[in-house]
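Summary of structural features
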Amino acid sequence: MRFDENADLDTSQIDDLRGGGGGGNPLGGRVALGGGGLGVVGLILYFLLSQLGGGGGGGGFSLPDGLSGGIPAGETADTSQAASNCRTGAQANTELDCEVVAVVNSLDGFWSDAFARSGQTYQPPRTNFFSGGVDTACGSATSATGPFYCPADNEVYIDLTFFSELESRFGAQGGPFARAYVIAHEYGHHIQALLGTTDNVRPGETGPTSGSVRLELQADCYAGVWANAAESTPTSTGRPLIAEVNEADVAAALDTAARIGDDFIQTELGGGQVDESQFSHGSSEQRERWYTTGYQSGDPAQCDTFGRGVDLG
């Protein structure tokens, strides 16, 4: 996968919170456990860390790669770094933050068109880059929570160092299309919020057929739907940003989905047995299956994980 080098990037939906100091809940549990945040790994990591002695009762733990700090509540977002650095698709091919900006542009273009075709108006989310920790309308969080979407403020939050964690700690193949899957998954949660799906699920619910699992698998499917159209989706410039998606790119995205399944994290990273009662995102096989469903169909209507009698896999 590569980006059109001559395409312009739009940073108007990006808030760059990096560079702030202090603040942030040392555990990041409010978002994961009660604030309503929805993330690609979220509750899984909280469960894992508490099982490993991180503590579910408010104690802190050492963040991956020594990450620390955060953004104080009420601090004004500074978009200057992203705005000054990310201008063209050429930069998206070489710089991680610009890569994410490009993916956000493509996602906004796709979902705006999809909503328009159904007679609805799409409202894009804001995407926040943060470092170490952040305070949100869903509560405070650290990088250990992983990328997440907050329905209370309709914004996506991501510490870009998470992508290196996917490769070093989770063993994922990585690559731009795999990283795009993570962002597209969070956008899937935004689509659920706009459609009212999120309101019907109790935050923090767990279990193999829980509403939480159904939400996450549907977000995976929505990510696949976007991926199907990524090469043909024009952005505000009138031309697609993304080109040359190949089988290796799709395989890398599926590999990432498998590495963040509940069962994989419990056994491979937690060193324990599979406990389906704690499932909040679905198994590796389920996550691959629903991403593939979206990718092969290109149809959001095929992503109904809440339908009566639906086989989640």
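Provided above is the structure to which this section pertains.
Residues numbered from 1 in each chain as written. Predicted model: local features only at pLDDT ≥ 70, side-chain atom pairs only at ≥ 80, totals over all residues. Heavy atoms only, no water.

**Topic: the environment of S143**
Secondary-structure assignment places S143 in the loop between β6 (139–142) and β7 (148–150). Exposure remark for S143: the relative accessible area of 10% places this residue in the buried category. Between the C-alpha atoms of S143 and F130, which are 13 residues apart in sequence, the distance is 8.4 Å. A polar contact is formed between the side chain of S143 and the side chain of D159, at a distance of 2.5 Å. (Helix = DSSP H or I, 4+ residues; strand = E, 2+ residues; numbered from the N terminus. Buried < 20%, exposed > 50% of the residue type's maximum accessible area, 1.4 Å probe, protein only. Polar contact = N/O pair within 3.5 Å; in protein donor to acceptor, adjacent residues only side chain to side chain.)

**A short note on the packing of aromatic side chains**
Going through the model one piece at a time under the given rule, you end up with 9 aromatic pairs. When the centroid spacing of 6.3 Å and the interplanar angle of 25° are considered together, the rings of F177 and W226 count as stacked. Of this pair, F177 sits in helix α7 (residues 176–195) while W226 sits in helix α8 (residues 211–229), placing them 49 residues apart in sequence. Using a relative accessible area of 1% as the deciding quantity, one classes W226 as buried. Ring geometry for Y291 against Y295: centres 6.4 Å apart, planes inclined by 5°, an arrangement best described as stacked. Of this pair, Y291 and Y295 both sit in helix α11 (residues 284–297), separated by 4 residues, roughly a single helical turn. (Phe/Tyr/Trp six-rings, centres within 6.5 Å; stacked < 30°, edge-to-face > 60°.)

**Observations regarding the nonpolar core**
Ranked by size, the top nonpolar core spans 63 residues in total, and within it W111, F163, Y181, I183 and W226 carry the most contacts. At the level of secondary structure, the elements contributing two or more residues to this core comprise α5 (96–117), β8 (155–158), α6 (162–168), α7, α8, α9 (247–259), α10 (262–269) and α11. Among the elements that make up this core, the one with the highest residue count is α5 (11 residues). With 8 residues, the next largest nonpolar core counts F130, V134, C150 and Y157 among its residues. (Core = buried A, V, L, I, M, F, W, Y, C linked by side-chain atoms within 4.5 Å.)

**Quick look at the pattern of salt bridges**
For side chains bearing opposite charge, pairing can occur when the charged atoms are close. This model, assessed by the stated rule, comprises 9 salt bridges. Where D15 meets R126, a salt bridge forms, and the shortest distance between an N and an O atom there is 2.9 Å. With D15 in strand β2 (residues 14–16) and R126 in strand β4 (residues 126–129), this residue pair connects regions lying 111 residues apart in the sequence. For D15, a relative accessible area of 11% translates into the label buried. (Salt bridge = Lys/Arg side-chain N within 4 Å of Asp/Glu carboxyl O.)

**Here's the deal with α9**
Helix length check: α9, at 13 residues, gives a terminal C-alpha distance of 18 Å against a target of 18 Å (1.5 Å per residue), a fit within 8%. Of all the positions in α9, only D249, V250, A252, A253, L254, D255, T256, A257 and A258 are classed as buried. Close packing links the buried residues of α9 with α6, α7, α10 and α11. A distance of 3.0 Å separates the backbone nitrogen of A248 from a side-chain oxygen at the start of α9, and that oxygen is part of N246. (Expected span 1.5 Å × (residues − 1). Contact = heavy atoms within 4.5 Å.)

**Examining the sheet that holds β7**
Across the sheet, 5 strands lie side by side as β2-β4-β8-β7-β3; this open sheet has mixed pairing. This sheet does not close on itself; its edge strands, each paired only once, are β2 and β3 (38–39). By the bridge criterion, 2 bridges tie β3 to β7 in an arrangement that is antiparallel. Looking across to β7, one finds that G39 is bridged to F148. Against the sheet, α5 makes contact with β2 and β4, and its axis sits at roughly 170° relative to β4, the strand it touches most. (Pairing = 2+ DSSP bridges. Axes fitted to C-alpha atoms, helices over the stretch in contact; angles between N-to-C directions.)

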